[in-house]
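Working through the structure, step by step
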Amino acid sequence: MSTLEEQIDIGVPIEVAWDCLHRVETYPRFLQGVREARPQGGNQARLDVDAGGTAQEFQAEITDRAKENRMEWQTTDGPDLAGSFSLLPIDREHTRLQARVEYDPATLKEAFGGPKGFAQATAIERLVRDDLEHFKELVERER
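These numbers were taken from a predicted model, which means no experiment stands behind them.

1. Regarding the packing of aromatic side chains
Applying the stated criterion across every chain, the model contains 2 aromatic pairs. On the basis of an interplanar angle of 70° and a centroid distance of 5.7 Å, the ring pair of Tyr27 and Phe30 is categorised as edge-to-face. Owing to a relative accessible area of 9%, Tyr27 belongs among the buried residues under this scheme. For Phe30, a relative accessible area of 4% translates into the label buried.

Structure representation (structure tokens):
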């Protein structure tokens, strides 16, 4: 498994960012490639994804660690992906979002296509950074 960690500072209180992370239906607004996302009851979410030009559906299990301001997720079908979002207060009006993504490069290439090796890692890094930027824009705009 490969691991990627990125972070971004957001100009909203931690509660605002936490609330937005938990609205599954907003995922297409900041996660590239996600066309639709719907809660499936309990801690499950269904994601309709454009994977390299092919429509696919993935089920994800979400574990909420509210006391730690941390949300963990893992796909339960489709490519083996897992990760977490941790929120850290900077001050009363600013929050740091830390994202961690764990993935198997071979499985990801098979599911989504695209480059291998270093080029794949660079593409994933860019995608995660862009998604964090989109989340920041969304949550600050909707505040």
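2. Remarks on unusual backbone geometry
Positive phi, close to 50°, is recorded for Asn69, a residue that is not glycine. Summarising the element assignment, Asn69 is placed in the loop between strand E4 (54-65) and strand E5 (70-75). A relative accessible area of 23% places Asn69 in the partly exposed class.

3. What to know about the environment of Gln32
Here Gln32 shows up in the loop between helix H1 (14-21) and strand E2 (34-39). Looking at Gln32, the relative accessible area reads 38%, which means it is partly exposed. Sequence separation of Gln32 and Asp131 is 99 residues, and the distance between their C-alpha atoms is 6.5 Å. Leaving out residues up to four positions away in the same chain, Gln32 has contacts with Leu127, Asp130, Asp131 and His134.

4. Let's talk about the sheet that holds strand E1 (residues 2-10)
With antiparallel pairing, the 7 strands of this open sheet are ordered in space as E1-E7-E6-E5-E4-E3-E2. Sheet topology places E1 and E2 at the edges, where each strand pairs with a single neighbour. Adjacent strand axes in the sheet meet at a mean angle of 20°, parallel and antiparallel pairs treated alike. Note: E4 against E5, 6 bridges, orientation antiparallel. Following the sheet pairing, Thr63 is matched in E5 by Glu72. Of the strands in this sheet, E4, E5, strand E6 (81-91) and strand E7 (94-103) are in contact with H1, which crosses E6 at around 160°.

Calculation rules
Residues numbered from 1 in each chain as written. Predicted model: local features only at pLDDT ≥ 70, side-chain atom pairs only at ≥ 80, totals over all residues. Heavy atoms only, no water. Phe/Tyr/Trp six-rings, centres within 6.5 Å; stacked < 30°, edge-to-face > 60°. Buried < 20%, exposed > 50% of the residue type's maximum accessible area, 1.4 Å probe, protein only. Helix = DSSP H or I, 4+ residues; strand = E, 2+ residues; numbered from the N terminus. Contact = heavy atoms within 4.5 Å. Pairing = 2+ DSSP bridges. Axes fitted to C-alpha atoms, helices over the stretch in contact; angles between N-to-C directions.

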